[in-house]
Amino acid sequence: MSLANDLYRETILDHYHNPRNQGQLENPTVEVEGVNPLCGDELTLYLDIDNDKVNNVAIKGKGCSINTASASMMSEAIKGESIEEAHKIINLFKEMMLSKEDMAAMPDDLEELEALRGVRNYPVRIKCALLPWNTLLEGINGIKSGNIAHGKTIKPHTVTTE
Amino acid sequence: MLDVDKIRKDFPILKRKINGKPLVYFDNAATSQKPQSVINAITHYYEYYNANIHRGVHTLSEEATEAYESSRSKVRNFIGAKETKEIIFTRNATEAINLVAYSWARQHVLPGDEIVLSPAEHHSNFVPWQILAQERGAKLVFLDLDAEGIVDLNSAAKIIGPKTKLLTITQMSNVLGTIMPVAQLAEMAHKQGAIVLVDGAQSLPHLPVDMQKLGADFFAFSFHKMLGPTGVGVLWGKASTLESMPPFLSGGDMISSVWRDKVTFNSLPWRFEAGTPNIADVIGSGAAITYLQALGMENVHKYEQELTEYALAKLSQIDNLAVYGTHDVNKRGGLISFNMAGIHPHDLGQILSESGICIRVGHHCCQPLMRDLNVSGTARASFYVYNTKEEIDSMVEALKEAQKVLGHVACK
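Residues numbered from 1 in each chain as written. Chains lettered and ligands numbered in written order. Predicted model: local features only at pLDDT ≥ 70, side-chain atom pairs only at ≥ 80, totals over all residues. Heavy atoms only, no water.

Visitor: Please explain the overall build of chain A as it appears in this structure.
Guide: When helices and strands are tallied, chain A shows five helices and four strands. Order of helices (α) and strands (β) in chain A, N terminus to C terminus: α-α-β-β-β-α-α-α-β. Taken over 162 residues, chain A has a buried fraction of 51%. For chain A, restricting intrachain contacts to residue pairs at least 6 apart in sequence, the fraction spanning at least 24 positions comes to 63%. (Helix = DSSP H or I, 4+ residues; strand = E, 2+ residues; numbered from the N terminus. Buried < 20%, exposed > 50% of the residue type's maximum accessible area, 1.4 Å probe, protein only. Contact = heavy atoms within 4.5 Å.)

Visitor: Explain the overall build of chain B here, please?
Guide: Helix and strand counts for chain B come out as 14 helices and 17 strands. Relative to the 2.2 N^0.38 estimate, which gives 22 Å for 412 residues, the radius of gyration of chain B is 22 Å and therefore close to what a compact globule would have. Taken along its principal axes, the extent of the C-alpha atoms in chain B is 75 × 55 × 35 Å. Out of the 412 residues belonging to chain B, those deemed buried represent 58%. Sequence separation of 24 or more characterises 71% of the internal contacts of chain B that already satisfy a separation of 6 or more. By element, 51% of the accessible surface of chain B is carried by carbon and sulfur atoms, the whole surface being about 16,600 Å². (Rg over C-alpha atoms; globule rule 2.2 N^0.38 Å. Areas by Shrake-Rupley, 256 points an atom, 1.4 Å probe, with all protein chains shown as cover.)

Visitor: Teacher, can you tell me more about the side chain of T241(B) here?
Guide: All names here are of chain B. Within the secondary structure, T241 is located in helix 9 (residues 239–243). Look at T241 and you get buried, because its relative accessible area is 12%. Other than its neighbours up to four places away in sequence, T241 contacts W104 and F218.

Visitor: Quick question: what am I supposed to make of the packing of helix 3 (residues 59–79) of chain B against helix 10 (residues 279–295) of chain B here?
Guide: Working note: a packed helix pair is described by the angle between its axes plus the distance between those axes. Residues and elements named next belong to chain B. Close contact between helix 3 and helix 10 brings their axes to 8 Å; oriented N to C, the two are set at 40°. Classified by the interaxial angle, the pair formed by helix 3 and helix 10 is oblique. Here helix 3 and helix 10 pass one another in a crossing that is left-handed. Residue-level contacts link A64, A67, Y68, S71, K74, V75, N77 and F78 of helix 3 to I279, V282, I283, G286, A287, I289, T290, L292 and Q293 of helix 10. Considered class by class, the residues forming the contact of helix 3 with helix 10 number eleven nonpolar, five polar and one charged. (Axes fitted to C-alpha atoms, helices over the stretch in contact; angles between N-to-C directions. Parallel < 35°, antiparallel > 145°, perpendicular 65-115°, else oblique. Left-handed = near helix turned anticlockwise from the far one by under 90°. Nonpolar A, V, L, I, M, F, W, Y, C, P; charged D, E, K, R; others polar.)

Visitor: I would appreciate a short explanation of the environment of A183(B) in the present structure.
Guide: Residues and elements named next belong to chain B. Relative to the helices and strands, A183 is located in helix 7 (residues 182–191). For A183, a relative accessible area of 39% translates into the label partly exposed. Sequence separation between A183 and P128 is 55 residues, and the spatial gap between their C-alpha atoms is 23 Å. If we skip the residues at most four places from it in the chain, A183 touches K213 and L214.

Visitor: Explain the packing of helix 12 (residues 345–354) of chain B against helix 14 (residues 389–406) of chain B here, please?
Guide: All names here are of chain B. Interhelical geometry of helix 12 versus helix 14 gives an angle of 120° and a closest axis separation of 9 Å. As summarised for this structure, helix 12 and helix 14 are arranged oblique, according to the angle between their axes. As helix 12 runs across helix 14, the sense of the crossing is right-handed. Taking contact as the criterion, the partners of D347, L348, I351 and L352 in helix 12 are, on helix 14, M395, A398, L399, A402, V405 and L406. When grouped by side-chain class, the residues that make up the contact of helix 12 with helix 14 number nine nonpolar, no polar and one charged.

Visitor: Honestly, empty space enclosed by the protein in this entry has me stumped. Any pointers?
Guide: The rolling of a water-molecule-sized probe over the atoms marks out the regions of remaining empty space. Residue and element names in this part refer to chain B. Under the criterion given, the structure shown has two cavities of 30 Å³ or more. What lines the largest cavity is simply N28, A29, M172, Q202, H206, E304, G334, L335, S382 and F383. Residue classes in the lining of the largest cavity are distributed as four nonpolar, five polar and one charged. Lining the lining of the largest cavity are residues from two domains, each supplying at least three of them: domain 1 (4–30 + 296–404) and domain 2 (39–293). Computed from the structure, the second largest cavity encloses a volume of approximately 30 Å³. (1 Å grid on protein atoms, 1.4 Å probe; cavity = no way out; pocket = protein on both sides within 12 Å on 5 of 7 lines; lining within 4 Å. Points joined across faces, edges and corners; volume = space filled by probe spheres on them. Domains from an automatic or database assignment.)

Visitor: Whenever I open this one, the sheet that holds strand 7 (residues 164–170) of chain B confuses me. Can you help?
Guide: Sheet strands pair via backbone hydrogen bonds, and the direction of the pair is either parallel or antiparallel. Residues and elements named next belong to chain B. Read from one edge of the open sheet, seven strands run 4-10-9-8-7-5-6, paired in mixed fashion. Looking at which strands have only one partner, the edges of the open sheet turn out to be strand 4 (87–90) and strand 6 (139–142). In this sheet, neighbouring strand axes are inclined to one another by 20° on average, regardless of whether the strands run parallel or antiparallel. Alignment of strand 5 (residues 114–117) against strand 6, held across four bridges, turns out to be parallel. The residue bridging L117 from the neighbouring strand is F142, located in strand 6. Against the sheet, helix 3 makes contact with strand 4, strand 9 (218–222) and strand 10 (233–237), and its axis sits at roughly 120° relative to strand 4, the strand it touches most. Where helix 5 (residues 127–136) meets the sheet, it contacts strand 5, strand 6, strand 7 and strand 8 (195–199), and its direction lies at approximately 135° from that of strand 6. (Pairing = 2+ DSSP bridges.)

Visitor: Would you mind going over the domain arrangement of chain B with me for this structure?
Guide: You'll often see interface size given as the accessible area lost when the parts meet. All names here are of chain B. Domain annotation for chain B reports domain 1 (4–30 + 296–404) and domain 2 (39–293). Distance from the C-alpha centre of domain 1 to the C-alpha centre of domain 2: 28 Å. If you look at the interface, domain 1 gives 34 residues, while domain 2 gives 32 residues. Interface area, domain 1 with domain 2, both sides summed: about 2,700 Å², of which 61% is carbon and sulfur. Looking only at domain 1, the three residues that lose the most surface to domain 2 are M297, L369 and Y384, adding up to 23% of its buried area. Inspection of the region where domain 1 meets domain 2 yields one salt bridge. Where domain 1 packs against domain 2, one counts 18 residue pairs in polar contact (both at pLDDT 80 or more). Contributing elements (two or more residues each) for the side of domain 1 that touches domain 2: helix 11 (297–315), strand 14 (335–340) and helix 13 (367–373). Classifying every residue of the side of domain 1 that touches domain 2 gives 17 nonpolar, nine polar and eight charged. (Buried area = accessible area lost by both parts, 1.4 Å probe. Salt bridge = Lys/Arg side-chain N within 4 Å of Asp/Glu carboxyl O. Polar contact = N/O pair within 3.5 Å; in protein donor to acceptor, adjacent residues only side chain to side chain.)

Visitor: Is there a simple way to think about the packing of aromatic side chains in this case?
Guide: The geometry of an aromatic ring pair comes down to the distance between the two centres and the angle between the two planes. Residues and elements named next belong to chain B. One pass over the full model with this rule turns up twelve aromatic pairs over all chains. Their ring planes at 55° and their centres at 5.1 Å tell us that Y45 and Y46 sit as a pair that is tilted. With a centroid separation of 5.5 Å and 65° between ring planes, the pair formed by F221 and F223 is classed as edge-to-face. F221 sits in the buried class, given a relative accessible area of 1%. Take F223: its relative accessible area is 0%, and that puts it in the buried class. Over the ring of Y102 we find R106; its NZ or CZ atom is 4.0 Å from the centre of that ring. The ring of W259 is capped by K262, whose NZ or CZ atom sits 4.5 Å from the centre of that ring. (Phe/Tyr/Trp six-rings, centres within 6.5 Å; stacked < 30°, edge-to-face > 60°. Lys NZ or Arg CZ within 6 Å of the ring centre and 35° of its normal.)

Shown next, in the form of C-alpha cells:
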C-alpha cells in the first residue's frame, strides 16, 4: 500500500501508538482547547510557562493518527524552548505544511517533523496535522498579549488551514 | 429482483477508476450517484427549452413550466400525497424543515410547550428546534433509544404528553440505519393534539413510503440522496395545515397581487416557493423518480436488505470491529456505521480511499448521538441499487489491510 510509505510512515505510527507528553498539568499557566469540527479531532493543551520559557507541556485529546502524532511531535519540539523559539518552530512547521513550493528540509534538531511532510499530499488531512500547532499558537499569543490570567482556559479554538 | 449489471451501466461515474482500482461508492447516505437519464433531463432543459416558468407566454416558458409542474405530479404519485398542492419544492430537506420551524412553529409553539425528538436526529432536524425552543421558551424533550438503536415505544408513551406541541423524528437514522416506529409515535402524538414532522431524507430513497399510512403532518426529503441532482428538496404537508401557515420566504412568484401598501399571497404550493426556483434540477428530480419507479421501491428495499445482511455477516468476521445499531435487516436500512478498535475513523476512510472505496467518516452531523455513543465519530458504509456483494468483499479486504497498517495499538 503506497499510503503506508507516505502517510503512515514509521515515525508517525510510533508517535500515534506511543504519544509523548500525554495527560494534563496540575497548575498550567494556560490551558487551551482545540476542536476540528469537521472530523471531530479534539485536544486540550496545557502549558507551563515561566520567564518566557515553555517548562512543561501536556496534551489530552482524541484524534486520528495524523493529529495525535503531530501533537506528540510538537510537544517534544517545544518543551524547554523559549516562546520566541516556539514561535519560530510553529512558523517553520506551518510553512512546511502550507507553502505552495516544497520548503527546504527542517533543521537537524527538528528532523522528526519531516515525517509529516507527506501529509501535504492529502489536503483534507492537513488540518488534522495543524490543529495542535494552531492551538499552541493561540495559547502563547494569549500569554504574550497579557490577556490570559494564570491558569485560565481559552475557549475551544476552531482550527483553520490559514 | 433488480438487474444490477444493467443498472450499473446507467451510471456513467461507475466507470471511473480511483488509484487504478474500480470505484466502490459506499457514501450513498451522503449523496447518491446519478443515472444518465437524470443528467440528460437537466442538459436537455438547458439545451432545448431553458426559460423561466409561470410567467412567460412563449413556447419555451410553457414547456419549462409544464416540465417543472410535472415533476410535482410525479412527487405526489411517488409519496402517495392526495394533492399536488401539498408538494412544496425547497433547496433541500434542511430548508423544508426550516420552513416548518419558521412558518408553522413560530405561530404555534408557546413558552412551556414541548418539542419531542429522538437523540438520533441529524443536525438539520435538531438545530432548528433548539433555536426555536430557546427563542420561545419551549423545551426540547428527547425520546429514548433501546439497545438496538430504535426509539423505545414504552418510554415514548410517557414522554409524549399534553404539553407536546410537535413530534419531529427521522424515519431512518443516518448513523445507526435503524428504522423508527413512526406510525406508532405519530398516533401517540396526535392523541395529544400535537403535529408530527418526519424527516425522510434517509428513508424515502430506499423504502416504499406512503403519506396516507405514515401518520405525518409534514414530511421532508432531498433528491440528491435518491438519484436526483443537488439543490432540490421537498416539504410535503397536509393541505389544511399548509393553508393555515404564513409565508416563509417572500418575493416574486409567491404573490397574488402587490400594492404600495399591501400584498396578497399566491395559493398553494407556490405561496411557499418564492423567487425563481431551481427549474433544471426539479426537472432532473422528476427523472430520478421515473427511474426509481421503474425499478420498484419494494425491489430496491429487498435488494438493499440482501446487501446489508451480507455486509453485516462479513463485518462480524473481522476482529475488533463494532457495528452500531440492530443487526436485524427488517429493522434497519442499508447503511452501516462501525468502528475498529484503536483506529480513528479518519484513518480508516483514508486507507479505504487508497483502494478506490468511498465511505463516510466523522460525526455524520449527529454530534449529540456521537456523545451518547461516547465516540468522536464512526465509519459509515451506505449502499444503493448499483452496489454489489463483490464491492462489499473489496471493502472487507481493505479493512483488514487497515488493521495491519494501523491496528496493533489495539493489542497493547
